[in-house]
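# Observations on the three-dimensional arrangement
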Amino acid sequence: MVLLWLTTIFPHARPLACDYPLRDGCESATGSQLMLLYLAFGLMSLGGGGIRSSSLAFGAEQLEKGDGIKSKSEGALKSYFSWYYVSVSASSMVAVTLIVYIQDNLGWKVGFGIPAAIMLSSALCFFLASPFYVKSKANTSLLSGLIQVLVASYKNRHIKLSSPQAAEERYHHREGSVRLVPSENLRCLNKACIIKHPEQDLTLDGRASDPWSLCTVDQVEELKALIKASSMDRHVSRNFEIPAASFCIFTIITLTLWVGFYDRILLPLASKIKGKPCQLSLKQRMGIGLLFSTASMAAWAITETVRRRIAIDEGLSDDPRAVVQMSAMWLLPYLVLSGLAMAFNTIGQTEFYYSELPKSMSSIASALLGVGLSAASLVASLIMNAVDGITRSGGKQGWIPSNINKGHYDHYFWLLSALNMANFVYFLACCKAYGPCRVEVHKALHDADGMREEC
């Protein structure tokens, strides 16, 4: 962030200003200027990746181990994931309103300087509070453990597996481990934890003589879990105009309001009516989020259809920069539905990964959503390029040209809505193939008396 701020301070760190719309006399950035910019973005990506993949798991660890009361910590965890995203949304709200306003009115020097100062102060606060945090020490390398499972299962590939969980098979497990037998999913990996010759395979203290030939049940299950997881006019009034970059605040507000309503009003009210604790399952929340995502793209398609028709009626087809006589509040349905999709699917996914993967993989669990979003961004680029290439064939204008008034972005958004619905159907198939979640199995075993019910 400091490097990005320095590009606004030193004139030689950026190209000379020019009339961007006309692009007359614009100079390209030099190699050193681009390297400085790319270095700033690279460091921001590394820092963001480290923070986002660890902060959620780190916070959950404080709740799980901080008070020593299991029932209390489990109750707090149910709300933690939702309120974690509320805090993230609150910071995003400041970024897209206050910071954007400062950048528009006070310039980039102040606009980038304030975030740099905030990041520096937050880092200092983190290190000052470090002695008060609950910190778990990593005893082994997770990555090497996963590789050991692959190597051991390959070395033991000639072992014939007996019927599920046969009594004659002995499995190697850590001392104090709650899982003594591997699951039946991806059974070929179970060969990595089978004890063939106890005298040769184990040391006197019960450890594996060769960890590259014999792994623990926990190591095998960690690898299995990882494999499974991979699969307009902006005026509100005459004197107030919302900056274009601030419109996503409506998505953030929707997410924040829904989390508060769901956690503090809806769930307690439903539980009171039912007379027992009541909540949506993780799969239900993720599925509802996918449906809201489909509806949001449909709302965007409808809005674009209306906007394009107004632009044509006003004779603005050849002027893509012209402002049509249509309120940008038409975007509210799309933004609100997107916020609800995030509230259900994004939070549900994060909680799903964290609850399904072993605790030793908590950082990976919190990073899987980001990995999925990154992959989705690449797929979205491929879809856009494919649609553009296909619709431009034969010398046609295409659906997504640079002039939005001559294209058919509405058709493109309808296509995305259809793909979202296909994704929802695929999600249902994956849910059926995956089977019950670990949380669902735990509830079935400990709440057999029917004191808990899904709404």
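Conventions and cut-offs
- Residues numbered from 1 in each chain as written.
- Predicted model: local features only at pLDDT ≥ 70, side-chain atom pairs only at ≥ 80, totals over all residues.
- Heavy atoms only, no water.
- Helix = DSSP H or I, 4+ residues; strand = E, 2+ residues; numbered from the N terminus.
- Buried < 20%, exposed > 50% of the residue type's maximum accessible area, 1.4 Å probe, protein only.
- Areas by Shrake-Rupley, 256 points an atom, 1.4 Å probe, with all protein chains shown as cover.
- Disulfide = S-S within 2.5 Å.
- Phe/Tyr/Trp six-rings, centres within 6.5 Å; stacked < 30°, edge-to-face > 60°.
- Axes fitted to C-alpha atoms, helices over the stretch in contact; angles between N-to-C directions.
- Parallel < 35°, antiparallel > 145°, perpendicular 65-115°, else oblique.
- Left-handed = near helix turned anticlockwise from the far one by under 90°.
- Contact = heavy atoms within 4.5 Å.
- Expected span 1.5 Å × (residues − 1).
- Core = buried A, V, L, I, M, F, W, Y, C linked by side-chain atoms within 4.5 Å.
- Nonpolar A, V, L, I, M, F, W, Y, C, P; charged D, E, K, R; others polar.
- Salt bridge = Lys/Arg side-chain N within 4 Å of Asp/Glu carboxyl O.
- Arc of directions from axis to C-beta.
- pLDDT = per-residue confidence, 0-100.
- Patch = residues over 30% accessible without salt bridge, like charges linked within 9 Å, V, L, I, M, F, W, Y side chains within 5 Å.

## Here we look at the overall build of the chain
Scanning the chain from N- to C-terminus turns up 13 helices and 2 strands. Here the chain, with 455 residues, has 36% of them falling under the buried criterion. Entry remark: accessible area of the chain is about 27100 Å², with carbon and sulfur atoms responsible for 65%.

## Some words on the state of the cysteines
Going through the model one piece at a time under the given rule, you end up with 0 disulfides. This cysteine, Cys431, is not joined by any disulfide, and Cys430 carries the nearest cysteine sulfur, 7.2 Å off.

## Some thoughts on the environment of Leu189
Mapped onto the secondary structure, Leu189 falls in the loop between α5 (142-155) and α6 (198-201). Its relative accessible area of 8% is what places Leu189 among the buried residues. When the C-alpha atoms of Leu189 and Asn156 are compared, they prove to be 9.4 Å apart, with 33 residues separating the residues in sequence.

## A look at the packing of aromatic side chains
In total, this model carries 13 aromatic pairs according to the counting rule given. Relative to Phe413, the ring of Trp300 lies with its centre 4.2 Å away and its plane at 15°, an arrangement referred to as stacked. On the criterion of sequence distance, the pair formed by Trp300 in helix α9 (residues 282-313) and Phe413 in helix α12 (residues 409-434) is long-range, its members being 113 residues apart. Classification of Trp300 by relative accessible area gives partly exposed; the value is 27%. Three or more aromatic residues joined by ring pairs make a cluster, and in this case those are Trp258, Phe261, Tyr262, Phe292 and Phe344.

## Examining the packing of helix α8 (residues 249-274) against helix α10 (residues 332-356)
One way to put it is that α8 packs onto α10 with a least axis distance of 8 Å and a crossing angle of 50°. Relative to α10, the element α8 is oriented oblique. As α8 runs across α10, the sense of the crossing is right-handed. The residues of α10 that touch α8, namely those facing Phe250, Thr251, Thr254, Leu255, Trp258 and Val259, are Leu332, Leu335, Val336, Ser338, Gly339, Leu340, Met342, Ala343, Phe344 and Ile347.

## A few points about helix α4 (residues 108-128)
A rise of 1.5 Å per residue sets the reference length of α4, with its 21 residues, at 30 Å; its end C-alpha atoms lie 30 Å apart and thus fit the reference within 8%. Restricting attention to buried positions, one finds in α4 the residues Gly111, Phe112, Gly113, Pro115 and Ala116.

## Some points on the nonpolar core
Counting 27 residues, the largest nonpolar core has Leu56, Tyr80, Phe81, Tyr85, Phe352 and Tyr353 as its most contacted members. Secondary structure elements with two or more residues in this core: α2 (31-66), α3 (70-106), α8, α9, α10, α11 (362-391) and α12.

## Thoughts on the packing of α9 against α12
One can describe the packing of α9 onto α12 by two numbers: an axis separation of 7 Å at closest approach and a directional angle of 170°. When the axis of α9 is compared with that of α12, the two are roughly antiparallel. The class makeup of the residues in the contact of α9 with α12 is 17 nonpolar, 7 polar and 3 charged.

## Considerations on the pattern of salt bridges
Applying the stated criterion across every chain, the model contains 5 salt bridges. A salt bridge links Asp210 to Lys155; the shortest N-O distance between them is 3.9 Å. Here Lys155 lies in helix α5 and Asp210 lies in the loop between α6 and α7 (217-230), a separation of 55 residues in the sequence. For Arg307, the salt bridge is made with Glu304, and the minimal N-O distance between the two is 2.9 Å. Here Arg307 and its partner Glu304 are both found in helix α9, 3 residues apart, which amounts to about one turn of the helix. Like Glu304, Arg307 is buried.

## A closer look at the side chain of Ser153
When you line up the elements, Ser153 lands in helix α5. On the basis of relative accessibility, which here comes to 11%, the residue Ser153 falls in the buried class. With near-sequence residues (within four places) excluded, Ser153 lies in contact with Cys188, Leu189 and Ala192.

## Brief notes about helix α1 (residues 2-9)
Three or more residues of α1 are buried, namely Leu4, Thr7 and Thr8. The buried residues of α1 occupy an angular sector of 100° when projected down its axis, which confines them to one face.

## Section: the side chain of Thr251
Tracing the sequence through the fold places Thr251 in helix α8. When near neighbours in sequence (up to four residues on either side) are disregarded, Thr251 contacts Leu335, Ser338, Gly339 and Met342.

## A closer look at the confidence of the model for the chain
Close reading of the predicted structure is inappropriate where its pLDDT is low. Of all residues in the chain, 80% have pLDDT values of 70 or greater, and the mean over the chain is 77. At the level of individual helices and strands, the chain shows its lowest average pLDDT in strand β2 (residues 453-454), which scores 46, and its highest in α12, which scores 91. Counting contacts from residues 448-455, a segment whose pLDDT is below 50, to residues more than four positions away or on other chains yields 24 contacts.

## Some words on a nonpolar patch on the surface
Among the surface-exposed residues, Leu34, Tyr38, Phe41 and Met44 lie close enough to one another that they form a single nonpolar patch of about 390 Å² accessible area. Take Phe41: its relative accessible area is 41%, and that puts it in the partly exposed class.

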